[in-house]
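# Commentary on secondary and tertiary structure
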Amino acid sequence: MKKFAFIMLILFTAVLAACGVSETVEENTAVPSNPPAAEAEATAVPRQGMGMGNGMGPGSGMMARHRAVVPAEYAGLTNPILADETSLARGAETYANLCATCHGDGGMGDGPAGASLDPAPAPIAHTSQMLGDDYLFWRISEGGAMEPFNSAMIAWKGSLDEEARWDVVNYIRALGSGQVTPGQRMGGAMFDPVAEATKQADMIAAAVAQGVITPEEADTFTAVHAELEMVMAGQRDQIQGGMADMQAEMLAELVADGRITQEQADQFNDIHDRLLAAGLMQ
Ligand code: HEC
């Protein structure tokens, strides 16, 4: 029961951080084309956000990561390696040796070598809960020295074989789900779903206070969110692609099931995009 509550909290916070685009999603299509999102982004006027920390606002890596589309070469890949003890142990070793220095022992993006980086290291314990296998494997393989990321994230395909890269995918997911205890080498926080949920509720309140969204929109957002949370609970394994893909897919499913209307889904996406453009979305 406790574990269930923990997972639900993670999902709750995960969806808030995920990104919305209005597009139709075709089943099993890993490379969506989304002209509406591209247009919206080109015309979006970034507003002053409340500054949720390094690398979170417009112009930081956050927007890029929300919008990223997995390239064809990686799209649709699924982890062939079971996240059993052996894989997690291998992943833990790789993580401690190569990743914790930037991403922190707990995977919250707060390792010592990451402190001065812009964009800051991603809180991968958290974000890996809402990103597809294909996205994670792509990013670990190719790093961040490219559009749209332009970051110090290292490309590991030359130094880690495929198995090692999949093991570390298993490990970072396990870090964020509380399945493993973080190492104690580099320092850094652990993923704390309760603190994360509080932060998100504060973000919504700030968005209303700043006039980015209306109180009614806050209610719509929260209500659709609760539905998303439910549908995600059963589907973690089927998620593919980046955050935008995941959110679009889950919303489409809720509409198909009659749990929300298309109008509510559209509103949710619109609110979500404004929160992101305002630099409020974590
Ligand atoms: C030199 C510092 C550095 C090291 C070492 C490093 N990373 Fe990163 N990583 C970053 C930065 C900065 C970002 C955020 C910018 C971006 O997405 O490119 C990032 C992003 C990522 C992402 C994308 C997450 C998201 O939310 O989009 C993944 C996955 C990732 N790193 C995994 C790893 C793994 C696994 C290792 C070790 C094998 C590692 N990183 C080592 C700096 C680092």
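Above: the structure in question.
Just so it is clear, the model here is predicted, and its values are computed rather than measured. (Residues numbered from 1 in each chain as written. Predicted model: local features only at pLDDT ≥ 70, side-chain atom pairs only at ≥ 80, totals over all residues. Heavy atoms only, no water.)

### Looking at the overall build of the protein
When helices and strands are counted, the protein shows eleven helices and zero strands. The order of α-helices and β-strands along the protein, N terminus first, is α-α-α-α-α-α-α-α-α-α-α. A buried classification covers 52% of the 282 residues belonging to the protein. For the protein, restricting intrachain contacts to residue pairs at least 6 apart in sequence, the fraction spanning at least 24 positions comes to 73%. Accessible area of the protein: about 12800 Å², with a carbon and sulfur share of 55%. (Helix = DSSP H or I, 4+ residues; strand = E, 2+ residues; numbered from the N terminus. Buried < 20%, exposed > 50% of the residue type's maximum accessible area, 1.4 Å probe, protein only. Contact = heavy atoms within 4.5 Å. Areas by Shrake-Rupley, 256 points an atom, 1.4 Å probe, with all protein chains shown as cover.)

### What to know about the site of the ligand
In the vicinity of the ligand lie 26 residues, with Cys-99, Cys-102, His-103, Ser-151 and Met-153 positioned nearest. Contacts to the ligand include Arg-139, whose side-chain N or O atom sits 2.5 Å from an oxygen atom. Contacts to the ligand include Ser-151, whose side-chain N or O atom sits 2.5 Å from an oxygen atom. Of all the cavities here, the one that holds the ligand is the second largest pocket. Elements represented by at least two residues in the shell around the ligand include exactly α4 (85-103), α5 (124-127) and α6 (133-142). When residues of the shell around the ligand are assigned to their parent elements, the largest contribution, five residues, is made by α4. The residue makeup of the shell around the ligand, split by class, is 19 nonpolar, five polar and two charged. (Near = heavy atom within 4 Å. Polar contact = N/O pair within 3.5 Å; in protein donor to acceptor, adjacent residues only side chain to side chain. 1 Å grid on protein atoms, 1.4 Å probe; cavity = no way out; pocket = protein on both sides within 12 Å on 5 of 7 lines; lining within 4 Å. Sits in = over half its atoms within 2 Å of the grid points. Nonpolar A, V, L, I, M, F, W, Y, C, P; charged D, E, K, R; others polar.)

### Thoughts on the layout of surface pockets
In this structure, the second largest pocket occupies an estimated 520 Å³ of space. No other element matches α4, which puts six residues into the lining of the second largest pocket. By residue class, the composition of the lining of the second largest pocket is 22 nonpolar, five polar and two charged. (Points joined across faces, edges and corners; volume = space filled by probe spheres on them.)

### Some details on the nonpolar core
Tyr-95, Tyr-135, Ile-213, Leu-275 and Leu-280 are the most contacted members of the largest nonpolar core, which totals 59 residues. With eight residues, helix α7 (residues 162-177) is the largest single contributor of residues to this core. Filtering out sequence-adjacent residues up to four positions away, Leu-275 remains in contact with Met-203, Ile-204, Ala-207, Val-212, Ile-213, Phe-221, Leu-280 and Met-281. (Core = buried A, V, L, I, M, F, W, Y, C linked by side-chain atoms within 4.5 Å.)

### Structural notes on the coordination of the iron atom of the ligand
Taken together, His-103 (NE2) and Met-153 (SD) make up the full set of protein donors to the iron atom of the ligand, lying 2.0 to 2.2 Å away. Judged by relative accessible area, which is 11%, His-103 ranks as buried. Overall, Met-153 belongs to the partly exposed group, its relative accessible area being 25%. (Donors = N, O, S within 2.8 Å, 3.2 Å for Na, K, Ca; no water.)

### Quick word on the environment of Glu-217
Within the fold, Glu-217 resides in helix α9 (residues 215-233). When residues no more than four places from it in sequence are discounted, the contact partners of Glu-217 are Val-212, Ile-271 and Arg-274.

### Looking at the packing of helix α10 (residues 243-256) against helix α11 (residues 262-277)
Running from N to C, α10 and α11 cross one another at 155°; their axes reach a closest spacing of 9 Å. Relative to α11, the element α10 lies roughly antiparallel. α11 is crossed by α10, and the crossing has right-handed handedness. Side by side, α10 and α11 meet where Gln-247, Leu-251 and Val-255 of the first sit next to Gln-262, Ala-265, Phe-268, Asn-269 and His-272 of the second. The class makeup of the residues in the contact of α10 with α11 is four nonpolar, four polar and no charged. (Axes fitted to C-alpha atoms, helices over the stretch in contact; angles between N-to-C directions. Parallel < 35°, antiparallel > 145°, perpendicular 65-115°, else oblique. Left-handed = near helix turned anticlockwise from the far one by under 90°.)

### Comments concerning the packing of aromatic side chains
In total, this model carries six aromatic pairs according to the counting rule given. Here the aromatic rings of Tyr-95 and Tyr-171 are separated by 5.4 Å at their centres, their planes lie at 45°, and the arrangement is tilted. Residue Tyr-95 is found in helix α4, and its partner Tyr-171 is found in helix α7; the two are separated by 76 residues along the sequence. Both rings, one in Phe-137 and one in Trp-166, keep their centres 4.1 Å apart while their planes meet at 10°; by these two values the pair is stacked. (Phe/Tyr/Trp six-rings, centres within 6.5 Å; stacked < 30°, edge-to-face > 60°.)

### Notes on the pattern of salt bridges
Pairing of side chains with opposite charge becomes possible as their charged atoms draw close. According to the stated counting rule, one finds seven salt bridges in the structure shown. Taking the shortest distance from any N to any O, the salt bridge between Glu-227 and Arg-259 comes out at 3.1 Å. With a gap of 32 residues between them, Glu-227 in helix α9 and Arg-259 in the loop between α10 and α11 connect regions that are remote in the sequence. Overall, the relative accessible area of 37% leaves Arg-259 in the partly exposed class. (Salt bridge = Lys/Arg side-chain N within 4 Å of Asp/Glu carboxyl O.)

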